[in-house]
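# Architecture at a glance
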Amino acid sequence: MTGITPSGQQTAAAIRREAAASFSQHGYEATSLRQVAAAVGIKVGSLYNHISSKEDLLLSVMGGTMDDLFGLMEEALEGITDPLDRLSAFVRCHIRFHAERAQEVFIGNSELRSLHDDARAEITAKRRAYRRVLEDLIIDVGETGEAQVLDARLHAFSIVAIGTHVSGWYRTDGGFTLEQIIDTYTKIVLRSLDVVGADERMDALLARLS
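Residues numbered from 1 in each chain as written. Predicted model: local features only at pLDDT ≥ 70, side-chain atom pairs only at ≥ 80, totals over all residues. Heavy atoms only, no water.

As a further point, take the overall build of the chain. Counting its regular elements, the chain contains 10 helices and zero strands. Starting at the N terminus, the α and β elements of the chain follow one another as α-α-α-α-α-α-α-α-α-α. For the chain, the C-alpha atoms occupy an extent of roughly 60 × 35 × 30 Å along the three principal directions. For the chain, the exposed surface amounts to about 11,400 Å²; the carbon and sulfur share of it is 51%. (Helix = DSSP H or I, 4+ residues; strand = E, 2+ residues; numbered from the N terminus. Areas by Shrake-Rupley, 256 points an atom, 1.4 Å probe, with all protein chains shown as cover.)

Now for the pattern of salt bridges. Under the counting rule described, the total for this entry stands at 12 salt bridges. For Arg92, the salt bridge is made with Glu179, and the minimal N-O distance between the two is 3.7 Å. Of this pair, Arg92 sits in helix H5 (residues 83-100) while Glu179 sits in helix H9 (residues 178-192), placing them 87 residues apart in sequence. Judged by its relative accessible area of 10%, Arg92 is buried. Across the salt bridge formed by Asp199 and Arg191, the nearest N and O atoms sit 2.6 Å from each other. Among the residues examined, Arg191 registers a relative accessible area of 55% and is labelled exposed. (Salt bridge = Lys/Arg side-chain N within 4 Å of Asp/Glu carboxyl O. Buried < 20%, exposed > 50% of the residue type's maximum accessible area, 1.4 Å probe, protein only.)

This part is about helix H8 (residues 152-169). With 18 residues, H8 should reach 26 Å at 1.5 Å per residue; the first-to-last C-alpha distance of 27 Å fits that figure. Listing the buried residues of H8 in full gives Ala152, His155, Ala156, Ile159, Ile162, Gly163, Val166 and Ser167. Relative to the axis of H8, the buried residues are bounded by an arc of 130° and lie together on one face. The exposed set on the far side of H8, more than 90 degrees from its buried face, consists of Leu154 and Gly168. On its buried face, H8 is in contact with H5, helix H6 (102-110), helix H7 (117-144) and H9. (Expected span 1.5 Å × (residues − 1). Arc of directions from axis to C-beta. Contact = heavy atoms within 4.5 Å.)

What follows is about the nonpolar core. With 36 residues, the main nonpolar core has Leu87, Ile95, Ile138 and Val166 as its most contacted residues. Sorting the residues of this core by element identifies helix H4 (54-77), H5, H7, H8, H9 and helix H10 (198-209) as the ones contributing at least two each. Of the residues forming this core, the biggest block, nine residues, is contributed by H5. Residues in contact with Leu87, not counting those within four places in the same chain, are Leu134, Leu137, Ile138, Val141, Leu190 and Leu193. (Core = buried A, V, L, I, M, F, W, Y, C linked by side-chain atoms within 4.5 Å.)

Here the focus is the confidence of the model for the chain. Should pLDDT be low for a region, the predicted coordinates there are not to be read in detail. On average, residues of the chain carry a pLDDT of 92, and 95% of them reach 70 or more. Looking across the chain, the model is least confident in H10, with a mean pLDDT of 78, and most confident in H7, with 97. (pLDDT = per-residue confidence, 0-100.)

Unlike most non-glycine residues, Asp194 shows phi in positive territory, near 55°. Mapping Asp194 onto the fold places it in the loop between H9 and H10.

With that settled, consider the packing of aromatic side chains. Using the criterion set out here, one finds three aromatic pairs in the structure. For the pair Phe23 and Tyr28, a centre-to-centre distance of 5.4 Å together with 65° between the ring planes defines the contact as edge-to-face. The burial state of Phe23 is the same as that of Tyr28; both residues are buried. Every member of this aromatic cluster is reached through a ring pair, and the members are Phe70, Phe90 and Tyr130. Between Lys54 and the ring centre of Tyr28, over which it is positioned, the NZ or CZ distance is 4.4 Å. (Phe/Tyr/Trp six-rings, centres within 6.5 Å; stacked < 30°, edge-to-face > 60°. Lys NZ or Arg CZ within 6 Å of the ring centre and 35° of its normal.)

Okay, here's the thing in structure tokens:
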């Protein structure tokens, strides 16, 4: 939408943030627009300057989450040419995002059913596009001969599931730091592809990133 002021953008971001918190805590059906408006500090009528309905708000949260994930993934891959390093960078970004944005990940997984067909198809298309990038990265590594790819699509599903799994249990005050989790899971992914010297390759990549 054009002509949105900086304050309007901040309000829209606050609406999305408070909606995500309420959807996560209470569920989509139990959340009212009045609750969201109160949390943001605006009147209910003012919400309609930014959304058309509660479902539109849910779609905004879920779609925005996927857009953020895709954008961060593209940033993570930028400038990297080696296929195995590109795959590793994708995995690291994927796990970090799901750990740090667990609330929105939960909404995406639990409330997809709450969207009507067209909105659900929009989110599904975004997810499919993201997964296809991962599949292509896996295929590229397989073609170099550095990995044993049984089925790129199933490998991709497995990696995507790791992110969902981490989002369900990761806590900042848990027994592992986020970096430990990211490093170990990335090595697990490379080992699952039978990458020769997977741990050493990962350690070398970390050394270059540090």
